[in-house]
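Structural overview for review
Here's the letter readout for the chains.
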Amino acid sequence: KFSTNTVHHIVLDGHGREEIDACIDITGTLGWFTTMYPVRLETQPGLGLAQSLKHIKETLRQIPGRGIAYGNLIGYQKNNLPKICFNYLGRFEAVGNVNAKSDTKIESQIWKIVGEDSGLSISSANQDWNLITVNGFVLDESLQFKISTKFDQMTAEFFARSFKESLEEVIEHTMSQTRQWLTVSDVHH
């Protein structure tokens, strides 16, 4: 359930293909410019879920270039980064696939998104120092998460249940709103 006075540090992992500078055209490039950067997420004491969501949104939007330069400026040292990683992969559609990073249709019946494990996505030589890794995506209009942990089965299941309950609380709150709310970053670019 929602806690009113907590601070969490996580690593956000992104594809790095957002527009960083209008003068730089990356549409003809291949691959991703992966961004990984630590963030401090803090709920607002005594203000409840709505105010905490707005505060966290504003905090994330203040990160310069969505973290694109963190690795070059600071570097990635395993002992200096939080041990929880979150990555939103994007939107996928099983029919007429959608590119996860640009939400554009791929007109091909050769490749299809499937809801089954595809095996290792990184080399086993690549060290994963995270205790928890959460990958989120939307597949055919359904929000899904894949959670990997280094915890025992019981602890991992407890985390997954807690994550789901908290997410459902945020969704329920958001869906119950009778209007949209703008924050500073929505009107000041």
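Figured I'd write up the structure that's included with this text. (Residues numbered from 1 in each chain as written. Predicted model: local features only at pLDDT ≥ 70, side-chain atom pairs only at ≥ 80, totals over all residues. Heavy atoms only, no water.)

Before going further, it helps to spend a moment on the packing of aromatic side chains. Tallied over the full model, the rule gives four aromatic pairs. Between phenylalanine 86 and phenylalanine 145, the aromatic rings sit 6.3 Å apart at their centres with planes inclined by 45°, giving tilted as the arrangement. Taken as a pair, phenylalanine 86 in strand S3 (residues 84-92) and phenylalanine 145 in strand S5 (residues 142-149) lie far apart in primary sequence, 59 residues in all. Measuring from ring centre to ring centre gives 6.1 Å for phenylalanine 159 and phenylalanine 163, while their planes differ by 35°; the resulting arrangement is tilted. Linking phenylalanine 159 with phenylalanine 163, this pair stays in helix H3 (residues 153-175), spanning four residues, or about one helical turn. For phenylalanine 163, a relative accessible area of 22% puts it in the partly exposed group. (Phe/Tyr/Trp six-rings, centres within 6.5 Å; stacked < 30°, edge-to-face > 60°. Helix = DSSP H or I, 4+ residues; strand = E, 2+ residues; numbered from the N terminus. Buried < 20%, exposed > 50% of the residue type's maximum accessible area, 1.4 Å probe, protein only.)

Listed in full, the ten residues of the largest apolar core are Ile10, Val11, Leu12, Tyr37, Val39, Leu41, Ile63, Tyr70, Leu81 and Cys85. At the level of secondary structure, the elements contributing two or more residues to this core comprise strand S1 (7-14) and strand S2 (35-42). Other than its neighbours up to four places away in sequence, isoleucine 10 contacts Tyr37, Pro38, Val39, Leu41, Pro82, Ile84 and Phe86. (Core = buried A, V, L, I, M, F, W, Y, C linked by side-chain atoms within 4.5 Å. Contact = heavy atoms within 4.5 Å.)

With that settled, consider the pattern of salt bridges. The final tally for this structure, using the stated rule, is four salt bridges. Across the salt bridge formed by glutamate 42 and arginine 40, the nearest N and O atoms sit 2.7 Å from each other. Glutamate 141 is paired through a salt bridge with arginine 91; the nearest N and O atoms lie 2.8 Å apart. Of this pair, glutamate 141 sits in the loop between strand S4 (132-139) and S5 while arginine 91 sits in strand S3, placing them 50 residues apart in sequence. We classify arginine 91 as partly exposed; its relative accessible area is 33%. What you see here is one network of salt bridges that share partners, running through Lys57, Arg61 and Asp186. (Salt bridge = Lys/Arg side-chain N within 4 Å of Asp/Glu carboxyl O.)

Before going further, it helps to spend a moment on the packing of helix H1 (residues 48-61) against H3. Contact geometry for H1 and H3: axes closest at 11 Å, N-to-C directions at 95°. Regarding the angle of H1 to H3, the classification is roughly perpendicular. Contacts from Leu49, Ala50 and Leu53 of H1 reach H3 at Glu169, Val170 and His173. Here the residues of the contact of H1 with H3 sort into four nonpolar, one polar and one charged. (Axes fitted to C-alpha atoms, helices over the stretch in contact; angles between N-to-C directions. Parallel < 35°, antiparallel > 145°, perpendicular 65-115°, else oblique. Nonpolar A, V, L, I, M, F, W, Y, C, P; charged D, E, K, R; others polar.)

On to H1. With 14 residues, H1 should cover 20 Å at 1.5 Å per step; its first-to-last C-alpha distance of 20 Å lies within 8% of that length. Within H1, burial applies to Gly48, Leu49, Ser52 and Glu58. Buried positions along H1 lie against H3 and helix H4 (184-187). (Expected span 1.5 Å × (residues − 1).)

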